[in-house]
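Tertiary structure, described
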Amino acid sequence: MPKNFVKVLIEFLRTSQPLALLAGAFLYASGVGVLVYRGEMINWPVYWFGQAVVTFLQLSSVYLKSYYDLVAERPRRSSTDNGRLDDWKIVSRNVYLMAAATTMTLGALTTFILYSQGVLQPASLFLLGIAWLFAFFFGVPPLRLVYSGYGELVSAIFLTTLVPGFGFLLQQGELIPIMGLFHFPLLALFLALALATSLENYYSEIKAGRQNMMIRLGWQRGMNLHNFLIVLAFLLIGISPFAGLSWSLTWPRLLVLPVGLFQIWQMWQINNGAKPNWNLLRLTAAASFGILLYLQVFSLWTGCFMPEFLELLPPSRALAYWIDFILPGLKDSEWMETVNALGRITARGITAPEDLPAFPRSSVDGYAVRAADTFGASETLPAYLTVRGEVPMGQRPPFDLQAGEAALIHTGGMLPSGSDAVIMLEYTQISREGEIEVLRAVAEGENVLKPGEDVRRGEEIIPAGAVLRPAEIGG
């Protein structure tokens, strides 16, 4: 592979800002995660198409900015270049123009698919329109917001409010106030990140004739604003429980507070004349924003910080709440025969009048035995038992079992008095008439359903508000 191609590819990927794309994906997931927090279902095809729209918007914005950056910085021809320009930039501006056109086309196509499916409502279309204007004029003349002193603010609004809001609206159709509790702190930390990373190039940007937020504010006011934004972010997080947000979603985000305070301390040291460690400042600012975003998305989607959402109501209580809410005025009821109750709704819970089963019964086909008579039995040393008789189905056995006796029994049959286990047919064989060999031992209660094991007397078997089907009425 030619070295120039590798250089071009690396430069192109760097220009595509993969970390910004990752942040966009996480912020989109944060917006949709609010729905997960509320216990609502996610339309996954819509989710991924919406994510694609956001990614194409981000890519088209950076490619257009890179194209116009090269147009603005294009050197003049000299009398000695033989009509050619020096190869002063790794990636041609035409490459960026083609990339911008491609990503804008793909974004428009994805948007059309969402619109054709009826997903894009007026609110989501409005939000998408604002996002498109921000993305387009971020780097395109005449506005060129990136160098107007408002570029950082535009990027912050685009990523931390428009992107999660768009993701939420695609699924829900209407924004809710709780969105602000999650994303305004991220907006503040993103602006603080932008101010911290732009401070190092403060004077070089002034010489180049470019404006950013730090230059527009002035370095001293910009540094003070940086500190204020971090305090504001964690103040908003701290008061969010009083605005209705669960504490279990608040304390994980407060774990980032020490990182934010360290970021403020570094800026305060620089303001007092200390030698700056730019790499550490950039890392700390990125960590404040990135860790907060990660903890927020992780807690929203996994529920590991929301134990109250793992405590589910029993079905009977949930149904009772539903009936109380939906049918508060339902008072009339009537008694009727079970055979005529198909499709009717129970006015109150129905309890079992007796144990089920009402007697100890066999769960397999085999022989009812006394477990003690089989202890130590094996294929090489079987136990020999006398067959007393066969247990009739649906009837009480007419005999009791004594020591050394067994009775043939079928699934569901009542155990004779004196027996306490059933040996499966597979583990027996007839040795002679009226006698069997038992080839393995059984424990007391093995293959036996005890009285009340299925349903106990007085236990609710059909809750109030249940629709009676053939399974319930026995039809």
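Report follows, based on the coordinates. (Residues numbered from 1 in each chain as written. Predicted model: local features only at pLDDT ≥ 70, side-chain atom pairs only at ≥ 80, totals over all residues. Heavy atoms only, no water.)

Focus: the nonpolar core
Formed by 68 residues in total, the largest nonpolar core has its most connected members in Tyr28, Phe158, Phe166, Leu170 and Phe289. When residues in this core are grouped by element, the largest group, 14 residues, is from helix 7 (residues 178–198). Excluding residues that lie within four positions of it along the chain, phenylalanine 289 makes contacts with Leu27, Thr160, Leu186, Leu189, Phe190 and Leu193. (Core = buried A, V, L, I, M, F, W, Y, C linked by side-chain atoms within 4.5 Å. Buried < 20%, exposed > 50% of the residue type's maximum accessible area, 1.4 Å probe, protein only. Helix = DSSP H or I, 4+ residues; strand = E, 2+ residues; numbered from the N terminus. Contact = heavy atoms within 4.5 Å.)

Some points on a nonpolar patch on the surface
Together, Phe5, Val6, Leu9, Ile10 and Leu13 line one region of the surface with nonpolar side chains, adding up to about 440 Å² of accessible area. By secondary structure assignment, the location of phenylalanine 5 is in helix 1 (residues 3–15). (Patch = residues over 30% accessible without salt bridge, like charges linked within 9 Å, V, L, I, M, F, W, Y side chains within 5 Å. Areas by Shrake-Rupley, 256 points an atom, 1.4 Å probe, with all protein chains shown as cover. Salt bridge = Lys/Arg side-chain N within 4 Å of Asp/Glu carboxyl O.)

Some details on the packing of aromatic side chains
Under the definition given, this model contains 17 aromatic pairs. Note on tyrosine 37 and phenylalanine 182: the rings are 6.1 Å apart at their centroids and 75° apart in plane angle, and the pair reads as edge-to-face. Of this pair, tyrosine 37 sits in helix 2 (residues 18–37) while phenylalanine 182 sits in helix 7, and the two are 145 residues apart along the sequence. Here tyrosine 37 and phenylalanine 182 have matching classes, each one buried. A ring pair is formed by tyrosine 67 and tyrosine 68, whose centres lie 4.9 Å apart and whose planes are at 85°; its orientation type is edge-to-face. (Phe/Tyr/Trp six-rings, centres within 6.5 Å; stacked < 30°, edge-to-face > 60°.)

A look at empty space enclosed by the protein
Applying the stated rule across the entire model yields two cavities of 30 Å³ or more. Lining the largest cavity are Val53, Val54, Leu57, Leu127, Leu128, Ala131, Phe158, Leu162, Val163 and Phe166. Mapped onto the lining of the largest cavity, the elements with two or more residues apiece are helix 3 (44–73), helix 5 (122–137) and helix 6 (151–172). For the lining of the largest cavity, the leading source of residues is helix 6, giving four residues. (1 Å grid on protein atoms, 1.4 Å probe; cavity = no way out; pocket = protein on both sides within 12 Å on 5 of 7 lines; lining within 4 Å. Points joined across faces, edges and corners; volume = space filled by probe spheres on them.)

Comments concerning the packing of helix 6 against helix 7
The relative placement of two packed helices is expressed as an angle between their axes plus a distance between the axes. Contact pair helix 6 / helix 7: the axes reach a minimum separation of 9 Å and the direction vectors enclose 155°. Between helix 6 and helix 7, the interaxial angle falls into the category roughly antiparallel. When the axes of helix 6 and helix 7 are compared, the crossing they make is right-handed. Counting all contacts with helix 6, which are made through Glu152, Leu153, Ser155, Ala156, Ile157, Leu159, Thr160, Thr161, Pro164, Gly165 and Phe168, the residues of helix 7 involved are Met179, His183, Phe184, Leu186, Leu187, Phe190, Leu191 and Ala194. Here the residues of the contact of helix 6 with helix 7 are counted per class, giving 13 nonpolar, five polar and one charged. (Axes fitted to C-alpha atoms, helices over the stretch in contact; angles between N-to-C directions. Parallel < 35°, antiparallel > 145°, perpendicular 65-115°, else oblique. Left-handed = near helix turned anticlockwise from the far one by under 90°. Nonpolar A, V, L, I, M, F, W, Y, C, P; charged D, E, K, R; others polar.)

Quick notes on the pattern of salt bridges
The full count for this structure, using the stated rule, is 12 salt bridges. The salt bridge involving glutamate 40 is made with arginine 38; its shortest N-O contact spans 3.4 Å. Assessed through its relative accessible area of 29%, glutamate 40 is described here as partly exposed. Its salt-bridge partner being glutamate 334, residue arginine 344 comes within 2.6 Å of it at the nearest N-O pair. Of this pair, arginine 344 sits in the loop between helix 14 (315–326) and strand 1 (350–351) while glutamate 334 sits in the loop between helix 14 and strand 1, placing them 10 residues apart in sequence. Using a relative accessible area of 54% as the deciding quantity, one classes glutamate 334 as exposed. Each of Lys65, Asp69 and Arg144 takes part in one network of salt bridges that share partners.

Points about helix 7
Between its first and last C-alpha, helix 7 extends 31 Å over 21 residues, near the 30 Å set by a 1.5 Å rise per residue. Burial analysis of helix 7 places 19 of its 21 residues in the buried class, which makes it a mostly covered element. (Expected span 1.5 Å × (residues − 1).)

Thoughts on the side chain of threonine 15
Secondary-structure assignment places threonine 15 in helix 1. Of the polar contacts made by the side chain of threonine 15, one reaches the side chain of tyrosine 96; its length is 2.9 Å. Beyond its immediate sequence surroundings of up to four residues, threonine 15 is in contact with Val62, Ser66 and Tyr96. (Polar contact = N/O pair within 3.5 Å; in protein donor to acceptor, adjacent residues only side chain to side chain.)

Overview of the pairing of strand 5 (residues 405–409)
Among the five residues of strand 5, four are classified as buried, and the element is accordingly described as predominantly covered. Across four bridges, the pairing between strand 3 (residues 366–369) and strand 5 is antiparallel. Counted as the bridge partner of valine 369 is alanine 406 from strand 5. In this structure, strand 4 (residues 383–390) lies alongside strand 5, joined through four bridges in parallel fashion. (Pairing = 2+ DSSP bridges.)

Here we look at unusual backbone geometry
For the bond running from proline 141 to proline 142, omega is 5°, close enough to zero to count as cis. Counting through the fold element by element, proline 142 comes out in the loop between helix 5 and helix 6. Following leucine 356, the chain continues into proline 357 via a peptide bond in cis, with omega recorded as -5°. Mapped onto the elements, proline 357 comes out in the loop between strand 1 and strand 2 (361–362). Although it is not a glycine, arginine 144 adopts a positive phi angle of roughly 45°.

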